[in-house]
Amino acid sequence: MKIVIECYGASARWCGSDAVTLELPAGATGSDALDALAERYPDFSARRDSVAIASGDAITPPTAPLFDGDVIALIPPVSAG
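Here is a short report on the structure shown in this document. (Residues numbered from 1 in each chain as written. Predicted model: local features only at pLDDT ≥ 70, side-chain atom pairs only at ≥ 80, totals over all residues. Heavy atoms only, no water.)

**Concerning the environment of Ile5**
Thinking step 1. Here Ile5 is to be found in strand β1 (residues 2–7).
Thinking step 2. It is 14 Å that separates the C-alpha atoms of Ile5 and Asp57, two residues lying 52 residues apart in sequence.
Thinking step 3. Beyond its immediate stretch of four places on either side in the chain, Ile5 contacts Asp18, Ala19, Val20, Leu22, Ala33, Leu37, Ile72 and Leu74. (Helix = DSSP H or I, 4+ residues; strand = E, 2+ residues; numbered from the N terminus. Contact = heavy atoms within 4.5 Å.)

**Focus on the state of the cysteines**
Thinking step 1. With the rule as written, the count across this model stands at zero disulfides.
Thinking step 2. Here Cys7 stays free of any disulfide, with the sulfur of Cys15 as its closest cysteine sulfur at 4.1 Å.
Thinking step 3. By relative accessible area, which is 4% here, Cys7 ends up buried. (Disulfide = S-S within 2.5 Å. Buried < 20%, exposed > 50% of the residue type's maximum accessible area, 1.4 Å probe, protein only.)

In short, shape yes, function no, at least from these values alone.
As structure tokens, then:
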């Protein structure tokens, strides 16, 4: 199945793009998508555990299943001073 991951903020720098298309096996989860990104992008790999995943307008647990054609977003950590 194919999914699209939209990369916002710092995650776009870590992945080198505003959006990444992944081919994942049926039954894959958000965590599987993060693992695939970590394998492909070393800068993302170091920060994998600090990002959240969103689907639609809600944060999605990494254990949630993904489906062909899904679009999910990476939400990097935010800090303010």
